Amino acid sequence: EFHSALVSACGSDWLLRLRAIMYQQLERYRRISLVNSRGHRDIAEEHHAIYQAVIQRKILRASDLLEMHLDETAREVRRAIVENEALLAYDQTQT
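If you're wondering where the values come from, they're calculated on a predicted model, not measured in any experiment.

Concerning the confidence of the model for the protein
Alright, step 1. Looking at the protein as a whole, its pLDDT mean stands at 85, while 87% of the residues score no less than 70.
Alright, step 2. The secondary-structure element of the protein with the lowest mean pLDDT is helix H4 (residues 59–93), recorded at 84, while helix H3 (residues 43–55) shows the highest, at 94.

Now the structure itself:
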């Protein structure tokens, strides 16, 4: 799996455990992001660009790409939550 492979060589068992816990806790938000990305993101391409930077040992590039990837995912989740709240509020006014 891509996310695990990115950190697998870090050499820190503690960091690997922390990442695994965070990954499990954030899975629901990744799913929200995927469902609500509306096809305007090419997540496979985002992953590929991060992978290429890591393989080429371009640390700053990899960090920048990873930050952009995570920021876009967070934006998607926020947008989905806001839209869902708006729909719920509208539905409540109709009853």
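Focus: a nonpolar patch on the surface
Alright, step 1. Judged by side-chain polarity, Trp14, Leu15, Leu18, Met22, Leu26, Tyr29 and Ile81 come together as a nonpolar surface patch covering roughly 640 Å² of accessible area.
Alright, step 2. Ranked by residues supplied to the nonpolar patch, first place goes to helix H2 (residues 13–36) with six residues.
Alright, step 3. Structurally, Leu15 can be placed in helix H2.
Alright, step 4. Classification of Leu15 by relative accessible area gives partly exposed; the value is 35%.

Considering H3
Alright, step 1. Taking 1.5 Å per residue as the helical rise, H3 with its 13 residues ought to reach 18 Å, and the 18 Å between its terminal C-alpha atoms agrees with that figure.
Alright, step 2. Every buried residue of H3 is listed here: Ile43, His47, Ile50 and Ala53. Buried residues of H3, viewed axially, fall in a sector of 125°; they line one side. Across H3 from its buried face, at more than 90 degrees, point the exposed residues Ala44 and Ile55.
Alright, step 3. Of the residues flanking the end of H3, it is Arg57, one or two places downstream, whose phi is positive at about 60°.

Cut-offs and rules
As a convention, each chain's residues are numbered from 1 in the sequence order in which they are written. Reporting in this predicted model follows two pLDDT cut-offs: at least 70 for local features of residues, and 80 or more for side-chain atom pairs to be given and counted; totals over whole chains, interfaces and linings ignore these cut-offs and use all residues. Here the side-chain values reflect all heavy atoms present in the structure, with hydrogen atoms and water set aside. Per residue, pLDDT measures the predictor's confidence, with a range of 0 to 100. Secondary structure elements are taken from DSSP: a helix is a run of H or I of four residues or more, a strand is a run of E of two residues or more, and numbering for both begins at the N terminus. To count toward a patch, a residue needs a relative accessible area over 30% and no salt bridge; like charges are then connected within 9 Å, while nonpolar side chains (Val, Leu, Ile, Met, Phe, Trp, Tyr) are connected within 5 Å. The accessible surface values rely on the Shrake-Rupley method and a 1.4 Å probe; as for residues, cover is taken only from the protein chains in view. Salt bridges are identified by distance alone: a Lys or Arg side-chain nitrogen within 4 Å of an Asp or Glu carboxyl oxygen. Per-residue accessibility, obtained with a 1.4 Å probe over protein chains only, is compared with the maximum for each type, and a residue is labelled buried under 20%, exposed over 50%, and partly exposed between these values. Expected span of a helix: the number of residues minus one, times 1.5 Å. Each C-beta atom gives one direction from the helix axis, and the arc is the one those directions make.

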